[in-house]
Amino acid sequence: MSKRDAIFPAERQALYEINRYSAAIRSGDLLFVSGQVGSREDGSPEPVFEKQVQLAFDNLAAVLKAAGGTFDDIVDVTTFHTDPAAQWAAFDAVRLKVFREPPYTNWTAVGVNWLAGFDFEIKVIARLPQPA
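This structure is a prediction, so every number in the text was calculated from the model and none was measured.

Parameters at a glance
Per chain, the residues get numbers from 1 upward, laid out in the order the sequence is written. Only residues with pLDDT of at least 70 get local features here, since the model is predicted, and only at 80 or more are side-chain atom pairs given and counted; chain-wide, interface and lining totals rely on the full set of residues. To get the side-chain values, take all heavy atoms of the structure and skip hydrogens and water. At least two bridges found by DSSP between two strands is the condition for calling them paired. Runs of H or I in DSSP of at least four residues are treated as helices and runs of E of at least two as strands, each being numbered from the N terminus. Only the stretch in contact is used when a helix axis is fitted, and all axes are lines through C-alpha atoms; the angle between N-to-C directions ranges over 0 to 180 degrees. The contact rule is simple, with two residues in contact once any of their heavy atoms fall within 4.5 Å. What counts as a salt bridge is simple: a side-chain nitrogen of Lys or Arg found within 4 Å of a carboxyl oxygen of Asp or Glu. Per-residue accessibility, obtained with a 1.4 Å probe over protein chains only, is compared with the maximum for each type, and a residue is labelled buried under 20%, exposed over 50%, and partly exposed between these values. Residues belong to a common nonpolar core when they are buried Ala, Val, Leu, Ile, Met, Phe, Trp, Tyr or Cys residues joined through side-chain atoms within 4.5 Å. By definition here, a helix of n residues has an expected span of 1.5 Å times n minus one. This arc is taken over the directions from the axis of the helix to the C-beta atoms.

1. Let's talk about the sheet that holds strand 6 (residues 120-127)
- Strands sit in the order 1-2-3-6-4-5 across an open sheet of six strands; the sheet is mixed. This sheet does not close on itself; its edge strands, each paired only once, are strand 1 (4-7) and strand 5 (106-111). The mean angle between the axes of side-by-side strands here comes to 15 degrees, regardless of whether they run parallel or antiparallel.
- As defined by bridge partners, strand 4 (residues 74-81) adjoins strand 5 across six bridges and the pair is classed as parallel. The partner of valine 77 across the bridge, within strand 5, is tryptophan 107.
- The strands that helix 2 (residues 49-66) touches are strand 1, strand 2 (24-27), strand 3 (30-37), strand 4, strand 5 and strand 6; relative to strand 3, the one it contacts most, it runs at about 155 degrees.
- In the packing of helix 3 (residues 84-98) onto the sheet, contacts are made with strand 4, strand 5 and strand 6, and the angle to strand 4 comes to roughly 145 degrees.

Printed below as a string of structure tokens:
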């Protein structure tokens, strides 16, 4: 079995401690990032949806950076939405700031009815250079 390394951003969020999970697991050159939500430093949800989505992307960027990666390393994206039809425009505005040019990553968007108090979550897999 290959070694798995837990990855956490520099400012470890309370949400990881509260719920006892890792921000990401690196296995070889793959990084499996746990679903990132728009949580504040104390782990609570950002109440304004647009800000919650931006914060989720910011939290994702911090996890990628902690692993030595960027958004350009992402190969697979899954997003979860509590009200996709009503939320899509606000979500898409943030998404298009991050993923601006082809080739675009593959993407799966899923409508859900519960995200532990959040309205949006983004989960990714990235391929990173092997650590030295």
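2. Details of the pattern of salt bridges
- Applying the stated rule across the entire model yields three salt bridges.
- A salt bridge links arginine 95 to aspartate 92; the shortest N-O distance between them is 2.7 Å. Within this pair, arginine 95 and its partner aspartate 92 are both found in helix 3, separated by three residues, close to a single helical turn.
- By relative accessible area, which is 17% here, aspartate 92 ends up buried.

3. Things to note about the nonpolar core
- One finds Leu31, Phe57 and Ile74 to be the most contacted residues of the largest nonpolar core, which totals 26 residues.
- Secondary structure elements with two or more residues in this core: strand 3, helix 2, strand 4, helix 3 and strand 6.
- Counting residues per element, this core draws most heavily on helix 2, at seven residues.
- When near neighbours in sequence (up to four residues on either side) are disregarded, phenylalanine 57 contacts Phe71, Phe91, Val94, Arg95, Val98, Phe99, Trp107, Phe120 and Ile122.

4. Side note on helix 2
- Under the 1.5 Å per step criterion, the end-to-end length of helix 2 is 26 Å for 18 residues, consistent within 8% with the ideal 26 Å.
- Of all the residues in helix 2, the buried ones are Phe49, Gln52, Val53, Ala56, Phe57, Asn59, Leu60, Val63 and Leu64. Relative to the axis of helix 2, the buried residues are bounded by an arc of 155 degrees and lie together on one face. Among the exposed residues of helix 2, those pointing more than 90 degrees away from its buried face are Lys51 and Lys65.

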